[in-house]
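Report on the structure
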Amino acid sequence: KKYDKGLEKSRKTFGQRMNELFAAFRTVDDEFFEELEETLIGADVGFETSIRISEELQKEVKLRNAKKKSDVQNAIIEKLVAIYEEEGEGENNAVNLQTDGPTIILFVGVNGVGKTTSIGKLAHRYRMQGKKVLLAAADTFRAGAIDQLVVWGERAGVEVVRHNAGSDPATVVFDAVAKTKNEGYDVLLVDTAGRLQNKVNLMKELEKMKRVIEKEYPGAPHEVLLVVDATTGQNAMVQAKQFKETTNVTGLVLSKLDGTAKGGIVLAIRNELHLPVKLVGLGEGIEDLEDFDSNQFIYGLFK
Ligand code: GDP
C-alpha cells in the first residue's frame, strides 16, 4: 500500500512493458527471453542483472516444463524477489538503531540528490517516535547547504549544530558529538559534503569525521547512508559505485522514487553493488519517507 503513490510511474513502464511482452508471445521461446532481457534492461534493472534473471529463468522454465504464461510471469516475480533477498534480506534492511546509547548516522551524496530533504524527513520520523534528535551541518563547503539544513531542522522541530561556511567539518561533528553526549540526544544525523570531484579529499574528510565520532562512541557511526536520486537511473549506479570506493557505505536512501519510472534500479543496486536500499523518498513532504520493503516493492511493480 505504501508504495502505491511512489511506484505509479515505475509500475506503468515496468508492469505495462511486461504485460505487452506477454501479450506479444504465444509461447515462451528463445525469442521471448531475448525480449525479456531487453525489457528488463529498459526498466533500469541493469545489464548484468537482466541477463542473469533471463538465463536463470530460462533454465527453470525448461526444468519445470512451464508452458502457461501465467506460470512464467509468476516465476519472473519470484526470481526478482529471490535475487534481491539472496544478499541477506531482513538482516540489514532497516536502519541500525541503537538501544544503549545514541545512534549516529552519516549522510553522503552529491548535491541535489535529496540529501538534506531525506535528513529532515528522518529527523521528523524519529522525533515523532519521541526521540531526541540532533542534526549536524557538516557540509560546510556550501553556505546554502547549511541554511537548507537549518530550514529542515525548523520544519522537523529539531536542533542543528552549525558553524560558518568553509569551517572544518570535523569541528562541526566534534561539537555535535559533545552536545549529543552532554544533553543526552538519542539520534545524531550528520550532513556531509559529497564532492566526488576530489575523491582523496572527500575520503580524508569523511575519515576525519568518523575518527571524531569513534573517539567518543566506539562502533559509531552506526550507518553511512548514501543518498542517490532514483530519477537519474544508471547515473545513480555510477555514483553509488564511486562512493563505495571512497567510504564504507552501509546502505542507500533512494530519493525521488515518486518522480521516476526507473524503480528497477533497486535490483541493479542490490545485485551489482551489493548494497541494501534502506529508505526510499516518495515526495517532497516531511512524511514522504518509507522503509524499503523488497517484497512490497517488487510485487508493487507488477500490480
Ligand atoms: P541535496 O542538495 O542533496 O541536499 O538535495 P535537496 O534535499 O535540497 O533536494 C533537492 C530537490 O529534490 C528539492 O527540490 C527537493 O524537494 C527534491 N526532493 C528531495 N527528495 C525528494 C523525493 O523523494 N521526491 C521528490 N519528488 N522530490 C524530492
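This text goes with the structure placed above it.
Summary of the structure given here.

What counts as what
Every chain begins its residue count from 1, and numbering advances along the sequence as written. Residue-level local features of this predicted model are given only where pLDDT is at least 70; pairs of side-chain atoms are given and counted only at 80 or more, and the full residue set underlies all totals for whole chains, interfaces and linings. To get the side-chain values, take all heavy atoms of the structure and skip hydrogens and water. Put simply, DSSP marks the helices as runs of H or I at least four residues long and the strands as runs of E at least two long, and each gets a number from the N terminus on. C-alpha atoms define the radius of gyration, and 2.2 Å times the number of residues to the power 0.38 defines the globule rule. Working definition: with a 1.4 Å probe on protein chains only, accessible area under 20% of the residue-type maximum means buried, over 50% means exposed, and in between means partly exposed. Residues count as neighbours in contact if any of their non-hydrogen atoms are within 4.5 Å of one another. In this description, accessible areas are obtained by the Shrake-Rupley approach with a 1.4 Å probe, and a residue is regarded as covered only by the protein chains that are shown. Whether a residue is near a molecule or strand is decided by its heavy atoms; if any one of them lies within 4 Å of it, the residue is near. Polar contacts, as counted here, are pairs of nitrogen or oxygen atoms within 3.5 Å of one another; within protein the pair requires one atom able to donate a hydrogen and one able to accept it, and residues that are adjacent in sequence qualify only if both atoms are side-chain atoms. Any two strands with at least two DSSP-identified bridges between them are counted as paired. Crossovers are described as right-handed under a simple rule: with the strands pointing away from the observer, the path leading from the first strand over the helix to the second runs clockwise. Patch definition: residues with relative accessible area over 30% and no salt bridge; like charges joined within 9 Å; nonpolar side chains (Val, Leu, Ile, Met, Phe, Trp, Tyr) joined within 5 Å. Here a salt bridge means any side-chain nitrogen of Lys or Arg lying within 4 Å of a carboxyl oxygen belonging to Asp or Glu. All tallies of charge rest on Lys and Arg as positive and Asp and Glu as negative; His and the ends of each chain are not included. Charge coordinates come from a single atom per side chain, which is NZ of Lys, CZ of Arg, CG of Asp or CD of Glu. Only the contacting stretch of a helix is used when fitting its axis, a line to C-alpha atoms as for every element, and angles between N-to-C directions run 0 to 180 degrees. Reported orientations rely on four angle classes, namely roughly parallel under 35 degrees, roughly antiparallel over 145, roughly perpendicular from 65 to 115, and oblique for the rest. Two helices that cross are described as forming a left-handed crossing if the nearer one is turned anticlockwise from the farther one by less than a right angle, and a right-handed crossing if clockwise. In the scheme used here, Gly and all other residues not listed as nonpolar or charged are polar, with Ala, Val, Leu, Ile, Met, Phe, Trp, Tyr, Cys and Pro taken as nonpolar and Asp, Glu, Lys and Arg as charged. We call a set of buried residues a nonpolar core when its members are Ala, Val, Leu, Ile, Met, Phe, Trp, Tyr or Cys and they connect through side-chain atoms within 4.5 Å of each other.

A short note on the overall build of the protein
Counting its secondary structure elements, the protein contains 11 helices and eight strands. The C-alpha atoms of the protein give 21 Å as radius of gyration, which agrees with the globular expectation for 303 residues (19 Å, within 12%). By principal-axis analysis of the C-alpha atoms, the protein measures approximately 65 × 40 × 35 Å. For the protein, the proportion of its 303 residues judged to be buried stands at 54%. Put simply, of all contacts in the protein between residues at least 6 apart along the chain, 76% involve residues at least 24 apart. For the protein, the computed accessible surface area is about 13500 Å², with 47% contributed by carbon and sulfur atoms.

Let's talk about the site of the ligand
Of all residues adjacent to the ligand, which total 16 residues, the nearest are Gly112, Thr116, Thr117, Gln148 and Glu284. Within the side chain of Asp258, a nitrogen or oxygen atom sits 2.7 Å from a nitrogen atom of the ligand. Burial of the ligand by the surrounding chains reaches 79%, relative to a free accessible area of 580 Å². By residue number, the principal contributor to the shell around the ligand is helix H5 (residues 115–128), which donates four residues.

Remarks on the pairing of strand E7 (residues 277–281)
With respect to burial, E7 is a largely interior element, five of its five residues being buried. Where strand E6 (residues 251–255) meets E7, three bridges bridge the pair, whose relative direction is parallel. The residue bridging Val253 from the neighbouring strand is Leu279, located in E7. At this point the chain moves from E6, through helix H10 (residues 265–273), to the parallel E7, and the crossover so formed is right-handed. Here E7 runs beside strand E8 (residues 289–291); their pairing, made up of three bridges, is antiparallel.

A word on a negative patch on the surface
On the surface, Asp29, Asp30, Glu31, Glu34, Glu35 and Glu38 cluster together into a patch of negative charge. Within the fold, Glu34 resides in helix H2 (residues 30–42). Residue Glu34 is classed as exposed on the basis of its relative accessible area, which comes to 52%.

Some details on the packing of H5 against helix H6 (residues 143–156)
Between H5 and H6, whose axes approach to 9 Å, the crossing angle comes to 25°. Considering the angle they form, H5 stands roughly parallel to H6. In this structure, H5 meets H6 at a crossing whose hand is right-handed. On the side of H5, the interface is formed by Thr116, Thr117, Ile119, Gly120, Lys121, Ala123, His124 and Arg127, while H6 contributes Gln148, Leu149, Trp152 and Ala156. Here the residues of the contact of H5 with H6 sort into five nonpolar, five polar and two charged.

Quick notes on the nonpolar core
Counting residues in hydrophobic clusters, the biggest one holds 99 residues, and the most contacted among them are Leu189 and Leu254. Top contributing element to this core by residue count: helix H4 (residues 69–85), with eight residues. Discounting residues that sit within four places of it in the chain, Leu254 has contacts with Val228, Ala230, Ile265, Val266, Ile269, Val277, Leu279, Val280 and Gly281.

Quick notes on the sheet that holds strand E2 (residues 133–138)
One open sheet holds the eight strands; their spatial order is E3-E2-E4-E1-E5-E6-E7-E8, and the pairing between them is mixed. The open sheet terminates on both sides in strands that have one partner only, identified here as strand E3 (159–161) and E8. Strand after strand, the sheet turns through a mean of 25° between neighbouring axes, direction not considered. Together, E2, E3 and strand E4 (187–192) form the strand contacts of helix H7 (residues 169–183), whose direction differs from that of E2 by roughly 165°.

Everything listed here is a matter of coordinates, which is why it stays silent on function.
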